[in-house]
Every structure is written in structure tokens, then in C-alpha cells.
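Structural features, examined
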Amino acid sequence: MATTVFPQTDDVVTRTAWQSLHGTISHGDFQDVVADSGLTRTTDRLLFHRDISGSTASSLVAIEETTITLQAGHTYYVNGCLSISKPNADTTDDRCHTGIRVGAGLTVHAATCRSNAVKTGSTAFIYILDFAGSVDEVINGSLRGTNNVTFFEEPSFWVDMIVVADQTADLSFLYQKVTDDNSTFYRVDELTYLKATAIKG
Amino acid sequence: MATSLFPEAGDQITEAAWTSANKTITNVDAFRLSGYSLSAGTGLNVDIASGTCFVNGFQIVSDGTQVEALSPNSTNYVYLNDDGTFTVNTSGTQPADTLFLGTATTNASAVTAVSHYKAVANAANVMVVKQADESVSSSTTLQNDDELVWTATSGESWELLIALKISTGSGNLQFDLTGFGSQPYTYQEGNNIIFADSGTPENTSDTAIIIRTVVTVSTTGTVGLEWAQNVSDASNSTIQAGSFLMARRLIG
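Residues numbered from 1 in each chain as written. Chains lettered and ligands numbered in written order. Predicted model: local features only at pLDDT ≥ 70, side-chain atom pairs only at ≥ 80, totals over all residues.

Details of the overall build of chain B
Of the regular secondary structure elements, chain B holds one helix and 22 strands. Put simply, of all contacts in chain B between residues at least 6 apart along the chain, 67% involve residues at least 24 apart. (Helix = DSSP H or I, 4+ residues; strand = E, 2+ residues; numbered from the N terminus. Contact = placed C-beta atoms within 7 Å.)

Set out below in C-alpha cells:
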């Protein structure tokens, strides 16, 4: 960035001098697209990720999917949906936690709506939450569905968030088997997306 | 903004010519973004990291860390000016043609905290996170929420999301949208999505409400959430800190 006001009184500036002073001002990369698994798009104002076939939670290892990287100094409106499939069932299925992984330096204010399609043991369906990184915030505490019945493309929760990024950090969905007593496994599916729009004034 | 590429090959420009060509550069609300991050510097200084910032769709790259002096024992507000320099004040009043970058809180000799949060309320976007609990007792008279409102003009259409954290006693809580006449809207309470009309308050004893709608402003002025107790009671009905409002102007 130029460190002085330009031009100053009586300055006469040639094209060369102008470019030297201002070569670091450019148009944003609104058209940039970075692709990896699923659809991952990053522009200056919009971050978007959609999962098409995520990793399988078949042990107690937490699976992090649909990751977007938020830039320090921005405030974002983030919304999305985590959709889960249970491709393999057992006589008594292990349950699964779903939630959000929040990187260090992010402060999140969230309104979330849990689906009642597959969840059990819940008496409330919407939550207004505040949390700051770095945390794993469990939204759907005990997803399972019916024992020994597989399911596919079941939204686990929708979420709307205001996220303040004091540091550059990742925000992602998370799912993890609660127990590993049976052969049940879970997988994120193609209805899952996370979208962040930078807003500040 | 000048509509032609400036300067072109062979151009020579004076300050007068530059001013004439560029004096209309402003920070249009719809595209105002800031991306510089703050951190505690040495002593009473804040460091503004090198990186990118966006003004009106332009990407401005700062090659190195900028150091700005702060006032002691204060909340200092840091702004990027349209000439690339920075302004720091303790009033919180945003100077014209600036972007807000963040706040740096100080004690007598050093920075104790930095934050990039600030409520946004401009012609295109409104974003407010309620900073403090607000309580009403022994009253059923609707009042505007202290924070979850903004100023809009009749005829504007806005997409609206309001998330409320609520605690009540036996007085419960009635809420309404003000400034939108009798237009319908939707909200979610528990497992129900409910259709309601502005101007006709809704009653809830729940602890969380999510309002989603697209509405058109019918009365220029303060619009947003208003609420009171549903039944007058000595115990508090409270909308809690952390509740938030997001509004985006669609048309008008």
C-alpha cells in the first residue's frame, strides 16, 4: 500500500511512477474457483463448499468435512446444512454425534434447527448458541434413527451463523460415532453444504 | 469513479486532474468489506497485519505491518481511510469514507484485547449481535428492542433472520415486527413453523425463536423487533445477549 497520499500538491506523475506506487491495487479474484472433493469455491466475498461423498465414521475418530477457511478481519454470515447417511446398520446401532468444529480465533453466534427425521431422545428442536474457538460444538447429540435400518440423505441440522474472525481459521462440520460396539457407520452426503458471505462496513 | 483506465500510456496528470477524475470514489455499502486483522503491538500500539482489504470490489494489498498508536485505558476504534492511511479514535464514531477494521482495548501501557466485531447497519446489510440481556417486568406495552432494530425506508424489501434467546417467568413474552404494517412472516418455535402477521403480537414461553421472512417496509424509520411481557408480571421477561439479527436489502 502507498504510505503517502498520492499525488500531493504540484506533483506531476507519469504512468511509470503511478504503477510503482500503486502496483499492489488490483481487482479481486471474484472468478477464482478452487476445486477439490465436492464443490469448493472461494471468492473474495463468498466461500462455498458442498460435500459429495465424505469420509466414513466407522470408529470413534471424529470426521471433519465441508471445511471453509475464514479470513482474519472479516465478519461472515454463514449458513449450511449437514446431511448424514447411515449406509451400514446393525442389530443395535451405535449412535453418532454431529456438530460444528470451530477454529481458534473465531467467535460464533448460531441459530440451528435439528431435523427430527432421524434423531432420538430430544425434546427441543432449535437452539441459539454462542461459542468461541477452538471448540467442537455438538448440535445433534445422539443421531441414530431406527436400529438395523439404514438411511440416506437425512439432514441432521441446518444452521445460520454470524462468525467474527479475529484470526484466519477453519470452520467445518463434524460427525463422530459415540460408541464403537457395532458395525454401524455414518457418512456425510451430497446434501451437505456450508456457505460464508463476508459482511462488514 | 473514473470510467476510463487511468492513467493511460503517456498520460501526465496533476493533482487537479487526479482529484477531478477520482473524487467520486466512495465506499458503497453493498461492497464494503474489511479484511485487515489487528493484533497487540508493542506498548500502546496496535499492529495492522499485511494482507488484503476490499473496497468497492477492489482488492487493496498492504505489503507490510502498519503500526498505529492508541490511547491508554480505552477502547480504540481503528479505521482504514480511503487514501490508504489509518484513523484511530476512542469515540466509536466512524469517519466518512472509511472502513471499520476492529477495536483494540488498552490499559495504561499495553493492548489487552482486540476484536473485529462491530454491529453493521448500512443501506445493504444489517448485522447485530445483542451485547447485553434486556429485561422487561410488569409491562405489556410493546417496546423496540434496544439493539435488534435498524433504520429503513418505506418501500424497501428486506430478507430478515432474527434469532432470539429468551428467558421468562409467568409473564411469558410477546413479540412483533415493527415497521412492516400487517405483512405476514414466519417463525419457528420448538418443532413448529408458525405463520404470523406483523402488527399482531405473538406469545411465547419458549427459550428460542427463529424468525425468517422477506418483508417490505411500510413506515420509514426504525424497523425490526419489538416486544413486551404477554401478561404483566413482576418477574423478568428477558431477551438475552447472543441473540442476533441479520437483514439484507433485496430491492427498493
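Quick look at the overall build of chain A
Each helix and strand in chain A was counted, giving one helix and 14 strands. Here chain A, with 201 residues, has 41% of them falling under the buried criterion. Sequence-distant contacts, at least 24 apart, represent 79% of the contacts inside chain A between residues at least 6 apart. (Buried ≥ 20, exposed ≤ 12 C-beta atoms within 10 Å, placed from the backbone.)

What about the confidence of the model for chain B?
The pLDDT averaged across chain B works out to 88; a share of 88% of its residues lies at or above 70. Complex prediction metrics read pTM 0.84 and ipTM 0.86. (pLDDT = per-residue confidence, 0-100.)

Quick look at the domain arrangement of chain B
For chain B, the assigned domains are domain 1 (15-118) and domain 2 (125-251). Here the C-alpha centroids of domain 1 of chain B and domain 2 of chain B sit 33 Å apart. (Domains from an automatic or database assignment.)

With respect to unusual backbone geometry
Cis rather than trans, the peptide bond between Gly133 of chain A and Ser134 of chain A has omega equal to 5 degrees. You can see Ser134 of chain A is positioned in the loop between β9 (126-132) and β10 (135-143). Here Thr66 of chain A, not a glycine, exhibits a phi torsion of approximately 60 degrees, which is positive. Within the secondary structure, Thr66 of chain A is located in strand β5 (residues 63-70). Look at Asn73 of chain B: it is not a glycine, yet its phi comes out positive at around 50 degrees. Note that Asn73 of chain B resides in the loop between β5 (66-69) and β6 (75-81). Here Asn73 of chain B falls in the exposed class, since 12 other C-beta atoms lie within 10 Å of it.

Brief notes about the sheet that holds strand β7 (residues 86-89) of chain B
All names here are of chain B. Taken in spatial order, the four strands make up an open sheet running β7-β6-β8-β9, and their pairing is antiparallel. Both outer strands of the open sheet, β7 and β9 (111-115), are each paired with one neighbouring strand and no more. Neighbour-to-neighbour, the strand axes of this sheet turn through a mean angle of 25 degrees, independent of strand direction. The sheet contact formed by β6 and strand β8 (residues 98-106) spans seven bridges and is antiparallel. (Pairing = 2+ DSSP bridges. Axes fitted to C-alpha atoms, helices over the stretch in contact; angles between N-to-C directions.)

Describing the environment of Ile63 of chain A
Residue and element names in this part refer to chain A. Counting through the fold element by element, Ile63 comes out in strand β5. For Ile63 and Arg95, which are 32 residues apart along the polypeptide, the C-alpha to C-alpha distance reads 14 Å. The residues contacting Ile63, other than those within four sequence positions of it, are Gly54, Ser55, Ala57, Leu174, Tyr175 and Gln176.

Topic: the pairing of strand β22 (residues 244-251) of chain B
Residue and element names in this part refer to chain B. Where strand β11 (residues 125-129) and β22 come together, five bridges link them in antiparallel fashion. In the strand pairing of β22, Val129 is matched with Phe244. Sheet topology note: the strand β14 (residues 157-167)/β22 ladder contains seven bridges and is antiparallel. Bridged to Ile162 within β22 is Leu245.

Considering the nonpolar core
The biggest cluster of nonpolar side chains holds 96 residues, and the ones touching the most others in it are Val163 and Tyr175 of chain A together with Leu101 of chain B. In terms of residue count, the dominant contributor to this core is strand β11 (residues 151-165) of chain A (seven residues). Shared between two domains, this core holds at least three residues of each, these being domain 1 (15-118) and domain 2 (125-251) of chain B. Beyond its immediate sequence surroundings of up to four residues, Val163 of chain A is in contact with Leu70, Tyr76, Val78, Leu106, Val108 and Leu171 of chain A. (Core = buried A, V, L, I, M, F, W, Y, C linked by C-beta atoms within 7 Å.)

Here's the deal with the environment of Ala196 of chain B
Residues and elements named next belong to chain B. Residue position: Ala196 is located in strand β17 (residues 192-197). Along the primary structure Ala196 and Ser182 are separated by 14 residues, whereas in three dimensions their C-alpha atoms are 9.3 Å apart. In this view, Ala196 contacts Pro184, Tyr185, Tyr187 and Glu202; residues no more than four positions away in its chain are not counted.

Examining the confidence of the model for chain A
Residue and element names in this part refer to chain A. On average, residues of chain A score 79 in pLDDT, and 73% of them are at 70 or above. In the model of chain A, strand β1 (residues 25-27) stands out as the element of lowest mean pLDDT, 48, in contrast to strand β12 (residues 169-177), which has the highest, 93. Contacts of residues 25-36 to residues separated by more than four positions or lying in other chains number 21 contacts, the stretch itself having pLDDT below 50. Note on residues 119-124: pLDDT is under 50 here. Beyond four places in sequence and across chains, it has nine contacts.

Description of the sheet that holds strand β15 (residues 173-178) of chain B
Residues and elements named next belong to chain B. The four strands are arranged β13-β20-β15-β18 in an open sheet whose pairing can be described as antiparallel. Strands at the two margins of the open sheet, each flanked by one partner only, are β13 (143-152) and β18 (202-204). If you compare each strand with its neighbour and ignore which way they point, the axes differ by 25 degrees on average. Two elements, β15 and β18, share three bridges in a ladder whose sense is antiparallel. Paired with Leu173 across the two strands is Thr204, which belongs to β18.

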